[in-house]
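Working through the structure, step by step
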Amino acid sequence: MRKILLIGTGGTIASQVTEDGLAPELTSAQLLAHIPAISSICHVESLQLLNLDSTNIAPSHWLRMVRCIRDHYLSYDGFVLTHGTDTMAYTAAALSYLIQGSPKPIVLTGAQKPIGFDVTDSKVNLTDAFRVASSDMPGVSLVFNGKVILGTRAQKVRSKSFEAFSSIDYPFLGVLRDGVLLPYIRQDCKDRPSFYEDLNTSVALLKLIPGTDQALLDYLLERNDALIIESFGVGGLPDYEGADFCGSVCRWTAKGKLVVLTTQVQNEGSDLGIYHVGHRLKGIPGVLEAFDLTTEAVTAKLMWIMGKTRDPAEIQRLFYAPVAHDILWPVEN
């Protein structure tokens, strides 16, 4: 029987009702008390690392999770992290870059309803997560509502329903049906994982709306090393009267800032070459295109890359180099 470490970080799954609304209060050991049948799946030990609403999870907490897994890696066959759903996709992406090539499963899960409620998805999700963590499915994944989702492809798409997460532009790694794991895709792995602990968190996000003030772009690039721009459709920057977004991007990238163009559209990614508003950005040094990377993955990948290097050529190489199948579109350099 495999030995699994449960790492608690808080979230709805561990929440209880308070006068000020739901708040994470249960420990990982208390969560386990709700699913005694887990002893027939694996041997579990628990550790309480954090107890936060996932809205309060920051990159510094990602690094604490990485250190925890690294410090216990040789002692366990797999890991389950309970986490709030609101930022779980960001954490899943971040762990995919910070722990690469793991031959052991690292599984994130949570719930839309607390484990103590009469109607809850907590017990099923947590039990399913242990099934995946006890399997031969390596690498970082997110298990929710009977689906196993690649860590770099997960995105929260529903705020209340049990089917909260989708796998964006990539198939499910597997599904769970009536307590049985049906694996579809096995991630690549190495003999041992590569752990990383350096992040540059000076990354901002600008979501365009019709009539966005160009000053917002300047403000964010003045204060950050990199800016992700969620544009419309397949991507591009507006050029309406009184605005020169493209010129502003050129000025900031010439100063060493980094700009990544992505799309607000959930599926099928960006393609800057299609329209004039995007095509004119191609080839500008310091401007990258996200293609089918999710916003969560772009955010985490930029922080990881810029924690390793500030060399423009190396940043570009690493950004377009696939990690855990995060980007599939061919890129012409």
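Refer to the structure presented above.
Residues numbered from 1 in each chain as written. Predicted model: local features only at pLDDT ≥ 70, side-chain atom pairs only at ≥ 80, totals over all residues. Heavy atoms only, no water.

**So, the overall build of the protein**
When you go through the protein residue by residue, the secondary structure sums to nine helices and 18 strands. Taken over the C-alpha trace, the protein has a radius of gyration of 20 Å; the compact-globule value for 333 residues is 20 Å, and the two agree within 12%. Reported as C-alpha extents along the three principal axes, the dimensions of the protein are approximately 65 × 50 × 30 Å. Considering the protein as a whole, with its 333 residues, one finds that 54% of them fall into the buried category. Excluding contacts between residues fewer than 6 apart, the proportion of contacts in the protein whose partners are at least 24 apart in sequence is 71%. As presented, the protein carries roughly 14400 Å² of accessible surface, and 50% of it is formed by carbon and sulfur atoms. Side chains of the protein carry 29 positive and 36 negative charges; the gap between the two charge centres is 4 Å. (Helix = DSSP H or I, 4+ residues; strand = E, 2+ residues; numbered from the N terminus. Rg over C-alpha atoms; globule rule 2.2 N^0.38 Å. Buried < 20%, exposed > 50% of the residue type's maximum accessible area, 1.4 Å probe, protein only. Contact = heavy atoms within 4.5 Å. Areas by Shrake-Rupley, 256 points an atom, 1.4 Å probe, with all protein chains shown as cover. Lys, Arg positive; Asp, Glu negative; His and termini not counted. Charge placed at Lys NZ, Arg CZ, Asp CG, Glu CD.)

**Looking at the nonpolar core**
Counting 56 residues, the largest nonpolar core has Leu 302 and Phe 319 as the members making the most contacts within it. If we skip the residues at most four places from it in the chain, Leu 302 touches Val 203, Ala 226, Ile 228, Leu 258, Val 260 and Phe 319. Within the second largest apolar cluster, 28 residues are counted, among which are Ala 14, Leu 26, Ile 35 and Met 137. (Core = buried A, V, L, I, M, F, W, Y, C linked by side-chain atoms within 4.5 Å.)

**Describing the side chain of Thr 127**
One can find Thr 127 in helix α4 (residues 122-133). By relative accessible area, which is 16% here, Thr 127 ends up buried. Once residues within four sequence positions are removed from consideration, Thr 127 is found in contact with Ile 35, Ile 38 and Ile 41.

**Some details on helix α9 (residues 312-320)**
Of the residues making up α9, those classed as buried are Ile 315, Leu 318, Phe 319 and Tyr 320. Its buried side turned inward, α9 meets β17 (258-263), β18 (287-289) and α8 (295-308).

**Thoughts on the state of the cysteines**
Applying the stated rule across the entire model yields zero disulfides. Left without a disulfide partner, Cys 246 is nearest to the cysteine sulfur of Cys 250, which lies 4.5 Å away. Cys 250 gets classed as partly exposed once you look at its relative accessible area, which sits at 32%. (Disulfide = S-S within 2.5 Å.)

**Describing the environment of Leu 199**
You can see Leu 199 is positioned in the loop between β14 (194-195) and β15 (203-207). In this structure, the C-alpha to C-alpha distance between Leu 199 and Pro 59, residues 140 residues apart in sequence, is 7.8 Å. Leu 199 has contacts with Pro 59, Trp 62, Leu 63, Leu 98, Met 303, Trp 304 and Gly 307, leaving out every residue within four places of it along the chain.

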